[in-house]
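This is what each chain is made of:
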Amino acid sequence: MRGVRLPARSLATKASPETSLVPYTSYGMAVLIPAALIIGTPYNAIADYTLALAIPAHMYIGARSILIDYVPDKSYFTMSSAVLGGVSLLTALGLLKLN
């Protein structure tokens, strides 16, 4: 296709360094969730606390990638990223309290 130009995205051109952590949080949860159901009581707390931190981290990294793609304005991106961080922190605290 000659002469076709794609629009440049301002924030999406910079890849976030934490996007490389997404596969590791996915693999960790894929192993820890069944392991938490199988292993006995003494080791179950370790899996629960690890998942209480891995799930909000995975949520934050994935949702931030969506914000990078779909929020064009820098000020809105900063505000929505801060709100996302607060929601992720509250999620982690809630999961830790649940354990």
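Cut-offs used in this document
Residues numbered from 1 in each chain as written. Predicted model: local features only at pLDDT ≥ 70, side-chain atom pairs only at ≥ 80, totals over all residues. Heavy atoms only, no water. Helix = DSSP H or I, 4+ residues; strand = E, 2+ residues; numbered from the N terminus. Areas by Shrake-Rupley, 256 points an atom, 1.4 Å probe, with all protein chains shown as cover. Axes fitted to C-alpha atoms, helices over the stretch in contact; angles between N-to-C directions. Left-handed = near helix turned anticlockwise from the far one by under 90°. Contact = heavy atoms within 4.5 Å. Nonpolar A, V, L, I, M, F, W, Y, C, P; charged D, E, K, R; others polar. Patch = residues over 30% accessible without salt bridge, like charges linked within 9 Å, V, L, I, M, F, W, Y side chains within 5 Å. Salt bridge = Lys/Arg side-chain N within 4 Å of Asp/Glu carboxyl O.

A.B. asks: Looking at this model, I keep getting lost on the overall build of the protein. Mind explaining?
C.D. replies: Check the secondary structure of the protein and you find 3 helices and 0 strands. Across the protein, helices and strands are ordered from the amino to the carboxyl terminus as α-α-α. For the protein, the computed accessible surface area is about 7300 Å², with 70% contributed by carbon and sulfur atoms.

A.B. asks: Just to check I follow, could you spell out the packing of helix α1 (residues 22-38) against helix α2 (residues 41-70) for this structure?
C.D. replies: For any two helices packed against each other, one specifies the crossing angle of their axes together with the interaxial distance. Across the interface, α1 lies against α2 with an axial gap of 9 Å and an inter-helix angle of 150 degrees. Relative to α2, α1 is oriented so that their crossing is left-handed. Packed against α1, whose contacting residues are V22, T25, S26, M29, L32, I33 and A36, the element α2 presents N44, A47, D48, T50, L51, A54, I55, H58 and I61 at the interface. In terms of residue class, the contact of α1 with α2 is made up of 10 nonpolar, 5 polar and 1 charged.

A.B. asks: What is the right way to read a nonpolar patch on the surface from this model?
C.D. replies: Taken together, the side chains of I33, L37, I38, I39, Y43 and I46 define a hydrophobic patch exposed on the protein surface, amounting to about 680 Å² of accessible area. Counting residues per element, the ones that place at least two in the nonpolar patch are α1 and α2. Mapped onto the elements of the fold, I38 is located in helix α1.

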